[in-house]
Amino acid sequence: MIVSLASEVTVLRARLDTCERLLVAAQVLAPGAVDSFSPDAAAQAERDGLRQHTLNKVFRPLQEAAMADVAAASRPIAGKEIQA
Amino acid sequence: MSGIAESRAALAHPMIAVPTHDELVEQLFVRDLKLFVGQTLEPAQQKIAAQIVPAIAGSGSNSPVDDLRHRMQSFESFTTWLSLKRESQRQLWAAVEDCVERQADQLEALAAVDAPKGTLTLDPDFVAPDYITRGDIHLMPGGNAHDDGSVLQGAVMDRGGAVYMLGRNGGMLNDLRGHTAMAHLLTVAPDIRPIRILDMGCGIGTSTVPAAVCFPEAEVHGIDVGASMLRYAHARAEHLGAAVHFSQQSAERTSFPGASFDVVYSCVVLHETSPTAAINILAESRRLLRPGGIAIHLEVPLLHTLGDIWQELSSELEAQFNNEPNWRGALTADYGQLMRAAGFTDIRTGYQATAFNGRTAPRKFGEASEGVFRSWFVTSGRA
Ligand SMILES: C[S@@+](CC[C@H](N)C(=O)[O-])C[C@H]1O[C@@H](n2cnc3c(N)ncnc32)[C@H](O)[C@@H]1O
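Residues numbered from 1 in each chain as written. Chains lettered and ligands numbered in written order. Predicted model: local features only at pLDDT ≥ 70, side-chain atom pairs only at ≥ 80, totals over all residues. Heavy atoms only, no water.

- The name given to chain B in an unreviewed UniProt entry is SAM-dependent methyltransferase, and the organism recorded there is Nitrospirillum iridis.

1. A short note on the domain arrangement of chain A
Accessible area lost during the coming together of the parts is what is often quoted as the interface size.
Part 1 of the argument: Along its sequence, chain A is organised into domain 1 (1–37) and domain 2 (39–75).
Part 2 of the argument: Each of domain 1 of chain A and domain 2 of chain A has a C-alpha centre, and these two points are 27 Å apart. (Domains from an automatic or database assignment.)

2. A look at helix H1 (residues 21–58) of chain B
All names here are of chain B.
Part 1 of the argument: Taking 1.5 Å as the rise per residue, H1 with 38 residues should run 56 Å; its terminal C-alpha atoms sit 55 Å apart, in good agreement.
Part 2 of the argument: At isoleucine 52, H1 is bent by approximately 35°, the largest bend along its length, and proline proline 54 sits one to four residues beyond.
Part 3 of the argument: Following H1 by one or two positions, glycine 60 adopts a phi angle in the positive range, close to 65°. (Helix = DSSP H or I, 4+ residues; strand = E, 2+ residues; numbered from the N terminus. Expected span 1.5 Å × (residues − 1). Bend = angle between axes of the 7 residues up to and from the residue.)

3. A closer look at the site of the ligand
All names here are of chain B.
Part 1 of the argument: The environment of the ligand is made up of 21 residues, and the closest members are Arg177, Gly201, Thr206, Asp224 and Ala251.
Part 2 of the argument: At 3.0 Å from an oxygen atom of the ligand is found a side-chain nitrogen or oxygen belonging to asparagine 144.
Part 3 of the argument: One nitrogen or oxygen atom from the main chain of alanine 251 is found 2.8 Å from a nitrogen atom belonging to the ligand.
Part 4 of the argument: Its free accessible area being 600 Å², the ligand has 96% of it covered by the protein chains.
Part 5 of the argument: When its residues are assigned to classes, the shell around the ligand shows 10 nonpolar, 8 polar and 3 charged. (Near = heavy atom within 4 Å. Polar contact = N/O pair within 3.5 Å; in protein donor to acceptor, adjacent residues only side chain to side chain. Areas by Shrake-Rupley, 256 points an atom, 1.4 Å probe, with all protein chains shown as cover. Nonpolar A, V, L, I, M, F, W, Y, C, P; charged D, E, K, R; others polar.)

4. Side note on the interface of chain B and chain A
Part 1 of the argument: In this complex, chain B contributes 28 residues to the contact, which on the side of chain A involves 24 residues.
Part 2 of the argument: Connecting chain B to chain A are 2 salt bridges.
Part 3 of the argument: Arg13(A) is paired through a salt bridge with Asp22(B); the nearest N and O atoms lie 3.0 Å apart.
Part 4 of the argument: Secondary structure elements with two or more residues in the side of chain B that touches chain A: H1 and helix H3 (76–102) of chain B.
Part 5 of the argument: Residues of the side of chain B that touches chain A, tallied by class, amount to 11 nonpolar, 9 polar and 8 charged. (Contact = heavy atoms within 4.5 Å. Salt bridge = Lys/Arg side-chain N within 4 Å of Asp/Glu carboxyl O.)

Here you go:
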């Protein structure tokens, strides 16, 4: 699972790099434009939201597992079941 | 409060390592991940603990914290939480190190300051205390005393520290602790005009520069154990226009003559030492003060809730999973008593409201914590 994810991300990165180089070659972007990009407040807020969204989505199972454990712990005899 | 933003304008001083687009997003991701671990996963564990604690408390066990830990270990989400806690911290340093190493040459060039206002004194024979070298504090690879002759360990600590504080300690300047210590000084001695000030355990000078900002006429000193950190601290202070004298020595016993400072302070140092070292540091701060001089030691909120088994376990885990050598010792100490033993008078212990600028901040000091980051525990006394 992680291997295929890593390979997918590697492909994605290479493709993005290709796009950037082509855009620079076509003089759509100045060299280094992406790296010196400075989002304004509105863009920053949206980007913060995007990051948050991805994070919540990817790690949601951990949160759900934790909530399930909370529920199990609050059932009187559940503690024993879990330990068994 | 300025958080960490992607905007270039958010850079606080020229010495801070400037991340590329990807490095910055990665650092922000790690910051968010740490928040997720602390604010989403941890509260669930607290709820689980709340279900288990009554049974343990009722059992009259001699080691309730161990018992709680043992019982919680049967929940998979408990171990997941802890491994993610540690991994997110390791990821933080990895993300910061890449960014610092890439610009090593530029940082060295920037560090070569012409006609500095302050000074830097390193001691090639200095031996760092055990608690510093035993494990990498905060998991920062190499640790605080690491030195390869460059400024890079300092640069890592600076950038990492700001991300580590999640942007809640003055953004990239990471200087609210120093300002809060100065605010406390001006709370207990509103008219003080110190001639010499010492910051013990100054790290990269985040807490030292505020003393120079609040008291521009004073001679400000900072000491710490790591040469790379101090080299960086020196360059950073110069770029911020602050005249500070940095030297490599242990706060437990310095080379300064007795009674040579008006103010001696430390910010979040004691929990990174040992119970004995903390006593030595308080005593040294007393020795260095002129009669009437003031010592201030600032720490994270104490564990007032002692007796709350979950709080105790959570603090034990923080120490263990984030390498904090004296977390429990420093947060359960009786500072009033320790300060008296060190020979201070006019002793105070309590919480100082977090200050953005020590000079102009409201002088708010009271018994109760206003919450993490909103106030800091402070003990102070007069010589
Ligand atoms: C968490 S950092 C705090 C840095 C700074 N005071 C601040 O508030 O940003 C604690 C610092 O105390 C230093 N330290 C620990 N024990 C020390 C000792 N015995 N002598 C000098 N510095 C020490 C560590 O190396 C580290 O830089």
